[in-house]
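# Fold and contact review
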Amino acid sequence: DKNILKMFFFIFIFHTVPGVFGFVKAVPQFWGEMLICLSVFSSLQEETNEQKLYKIANELLLTERAYVARLYLLDQVFCAKLTQEAAKGTFPVEVVKGIFCNVACIYAFHSQFLLPDLETRMSHPWIGDILQQHAPFLRMYAEYVKNFDKAMELLKQWTERSAQFSAVIQEIQRQEICGSLTLQHHMLEPVQRVPRYELLLKDYLKRLPQEAPDRSQAEKSLQTISMAATHSNTAIQKMENLKKLLEIYEMLGAEEDIVNASNELIKEGQILKLSSRNTSAMERYLYLFNNMLLVCVPKFSLLGQKFTVRTRVGIEGIKVVATVNDDYPHTFQVSGKERTLELQASSEQDKEEWIKAFQQTIETLQKKNETFKSACKDIEVEEVSELGRRAPRWIRDNEVTMCMKCKEPFNALTRRRHHCRACGYVVCWKCSENKAALEYDGNKMNKVCKDCYSILTGRAASEETTGAKKRGILEIEAAQFSGSSLMCGFLLYSEKARPWQRVWCVIPQKEAVVLYVYGAPQDVKAQSTIPLLGYIVDETPRTADPPSSFRLCQSKSLHSFAAESEDQKQRWLEVIRVAVTGNVAQFQTAASDGLTNGCHESDPHSI
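Residues numbered from 1 in each chain as written. Predicted model: local features only at pLDDT ≥ 70, side-chain atom pairs only at ≥ 80, totals over all residues. Heavy atoms only, no water.

### A look at the overall build of the protein chain
The secondary structure content of the protein chain amounts to 17 helices and 18 strands. Sequence separation of 24 or more characterises 57% of the internal contacts of the protein chain that already satisfy a separation of 6 or more. Summed over its atoms, the accessible surface of the protein chain is roughly 32,900 Å², and 52% of this surface lies on carbon and sulfur atoms. (Helix = DSSP H or I, 4+ residues; strand = E, 2+ residues; numbered from the N terminus. Contact = heavy atoms within 4.5 Å. Areas by Shrake-Rupley, 256 points an atom, 1.4 Å probe, with all protein chains shown as cover.)

Pasting the structure below:
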């Protein structure tokens, strides 16, 4: 070490002090010491790679010991103590299971397999084969990561709700084994562990010689671990998107139905809207999604930031152009089917970022629409060409509770049910005032709905007489979902202790975290939707409820359901328990494997 210091010192003098070169050249002892330093430094450099390989392997071992101790704390202390307390009936055991998820499996894997193998291997630093052997088991972390947000929410809710629950956690956190850290802090460890393996293994491969016998196995294990880390990161991103949608949903006063697995927040931020009548500028807050733009105004609230939606503009057909305004710089115009807005950004860069975000969103939607239209073109042409030529299948009266055109609810006096003779839809009298000649009935004039009238005659029906309305958020046909659903069928439903009613419930494959509630199987508009993410499932029997009942609880929301049998109830719960975790990928895998084949209940016509 002293020789190396001398070498650096002389090199520094050599490069910084003028005339030193001539002096040094005259001193042979200097050159002798310089050669010694170079030789020592070279030998140390050769030993560095081996030392670093050992240090990396040793770091993996030491961190694995510490990590197993943390898993022991989570599984054998926190989870075990809470489970014992739950067994006394102070709070549901399902809450403990929902918080700790598969921690027990993770602890067993690391304590009984990975750590013992690392302990026996430290005679030499080769660790590639061990990691290759155990890397596939790291995929179990995906389930823990996906459940993490739900676990944090459950932990927060029950710490506030149950004094016994909170007391157990606080008692453990005061112990020395916790290191003055909270349960939430310890539960972060499994989330961060797989990326840590990836970083250590990459560093290990950098130091490992190309000809090392361990290199091939180390590279293969890195591929498997990287896939596991990517899978975890993807799950984190999906959960963050749904979590953000829930936050926006709350900020909008729970009035906008935006919590949907297909919705994606693209950009948000403050902006000024220029008045179309005068030169004033008004403060607005924009939420740009992949399918819509929400223009909001701030709302006074003591419970944090809140907004009210003033304008909702669909992305389909929208146009965005930069504008020039002498009084207001950095302006651009957003022109949609519903509204045209002139907006002012805070800077030129902010303006360009907004325009770029709009353009990319528009392009993405256009590509999806083109693909969909191409796939459905032949089917649509065939269906329209058969209209009026073939007698339709009539939708039964008991399959709908509202007009399938104007969506107004039926009643026995002022809005009775009528059938369109062309398409078979059940409509009200206002939507069936028109008549058209039908080929299948010898070209006789028959009552038809406004849409069929337009197709058959080429003339548009009057908007006033047909009671046409703008399509709402919930206006998705039950039949459209039921054919490709994870679960659908009749259930008894009660919200917040209201009277029980028989409803048609659907959990679609494409929106597997949303439960749609319809009045009947053929209704074109849902009565309500329940975003399942984050809800707690409670199936504890209650004397006041019907048999085979269960409840979905979240904050102040309580939705009660009852199935026709215990078997039917368990099939619903099997899907709902996964949906509340946001594990959409699991549904998609099951669908691709043929495990979900549309509606799992009996045919609605026979009920």
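### Looking at the sheet that holds strand 2 (residues 281–289)
What holds strands together in a sheet is hydrogen bonding between their backbones, with the strands either parallel or antiparallel. Reading across from one edge, 4-3-2-1-7-6-5 is the order of the seven strands in this open sheet, with antiparallel pairing throughout. Strands at the two margins of the open sheet, each flanked by one partner only, are strand 4 (306–314) and strand 5 (319–322). Here the strands of the sheet are splayed against their neighbours by 35° on average, with no regard to which way each runs. In this sheet, strand 7 (residues 340–344) lies alongside strand 1 (residues 265–274) in antiparallel orientation, the contact comprising three bridges. Note on strand 7: the bridge partner recorded for leucine 272 is glutamine 344. (Pairing = 2+ DSSP bridges. Axes fitted to C-alpha atoms, helices over the stretch in contact; angles between N-to-C directions.)

### Digging into the pattern of salt bridges
Using the criterion set out here, one finds 23 salt bridges in the structure. Put simply, arginine 502 and glutamate 564 hold a salt bridge, and the shortest N to O gap is 3.8 Å. Linking arginine 502 in strand 13 (residues 501–508) with glutamate 564 in the loop between strand 18 (557–562) and helix 16 (566–579), this pair joins segments that are 62 residues apart in sequence. According to the relative accessible area criterion, arginine 502 is partly exposed, its value standing at 41%. On the basis of relative accessible area, glutamate 564 is assigned to the exposed category, the value being 53%. (Salt bridge = Lys/Arg side-chain N within 4 Å of Asp/Glu carboxyl O. Buried < 20%, exposed > 50% of the residue type's maximum accessible area, 1.4 Å probe, protein only.)

### Section: the environment of lysine 146
Take lysine 146: it is sitting in helix 7 (residues 141–161). Separated by 435 residues in sequence, lysine 146 and threonine 581 place their C-alpha atoms 6.8 Å apart.

### Here we look at the side chain of serine 548
Its place among the elements puts serine 548 in the loop between strand 16 (536–538) and strand 17 (549–554). Given the relative accessible area of 14%, serine 548 is considered buried. Only 3.2 Å separates the side chain of serine 548 from the backbone nitrogen of glutamate 566, close enough to count as a polar contact. Other than its neighbours up to four places away in sequence, serine 548 contacts Phe561, Ala562, Ala563, Ser565, Glu566 and Lys569. (Polar contact = N/O pair within 3.5 Å; in protein donor to acceptor, adjacent residues only side chain to side chain.)

### Focus on the pairing of strand 12 (residues 485–495)
Note on strand geometry: in a regular strand, side chains alternate between the two faces of the sheet. Along strand 12, nine of the eleven residues are buried, which leaves the element largely enclosed by surrounding structure. Two strands pair when backbone bridges link them, and strand 12 and strand 13 are joined in this way by eight bridges, in the antiparallel orientation. For tyrosine 493, the partnering residue across the bridge sits in strand 13 and is glutamine 501. Hairpin connection of strand 12 to strand 13: five residues between the antiparallel strands, including lysine 496 at a positive phi of 55°. Sheet topology places strand 12 next to strand 18; four bridges connect them, and they run antiparallel. Note that in strand 18 the partner of tyrosine 493 across the bridge is phenylalanine 561.

### A short note on helix 5 (residues 103–121)
In an α-helix, one full turn covers 3.6 residues, which means residues spaced three or four apart are oriented alike. Taking 1.5 Å per residue, 19 residues should reach 27 Å; helix 5 reaches 26 Å between its end C-alpha atoms and fits that length. Its maximal kink placed at histidine 110, helix 5 deviates by approximately 35°. Every buried residue belonging to helix 5 is among Val103, Ile106, Tyr107, Phe109, His110, Leu114, Leu115, Leu118 and Arg121, and all of these are buried. (Expected span 1.5 Å × (residues − 1). Bend = angle between axes of the 7 residues up to and from the residue.)

### Brief notes about the packing of helix 7 against helix 10 (residues 189–207)
The geometry of a pair of packed helices is captured by two quantities: the angle between their axes and the separation between those axes. Interaxial distance between helix 7 and helix 10 falls to 9 Å at its minimum, and their mutual angle equals 135°. Taken together, the axes of helix 7 and helix 10 lie oblique to each other. Helix-helix and strand crossings are classified by hand; for helix 7 and helix 10 the assignment is left-handed. Contacts from Tyr141, Tyr144 and Phe148 in helix 7 reach Pro190, Val191, Arg193 and Val194 in helix 10. (Parallel < 35°, antiparallel > 145°, perpendicular 65-115°, else oblique. Left-handed = near helix turned anticlockwise from the far one by under 90°.)

### Some words on the packing of aromatic side chains
Within this structure, the stated rule accounts for 14 aromatic pairs. Look at tyrosine 285 and tyrosine 287: their rings are 5.1 Å apart centre to centre, the planes differ by 55°, and that puts the pair in the tilted class. The exposure classification of tyrosine 285 matches that of tyrosine 287, with both residues buried. What links up through ring pairs into an aromatic cluster is the set Tyr285, Tyr287, Phe289 and Phe307. (Phe/Tyr/Trp six-rings, centres within 6.5 Å; stacked < 30°, edge-to-face > 60°.)

### Remarks on the state of the cysteines
Per the counting criterion, the structure on display carries zero disulfides. The thiol of cysteine 420 is unpaired, and the distance to the nearest cysteine sulfur, on cysteine 423, comes to 3.5 Å. Look at cysteine 420 and you get buried, because its relative accessible area is 0%. Among the cysteines around cysteine 505, which has no disulfide bond, cysteine 488 carries the closest sulfur, lying 9.8 Å off. (Disulfide = S-S within 2.5 Å.)

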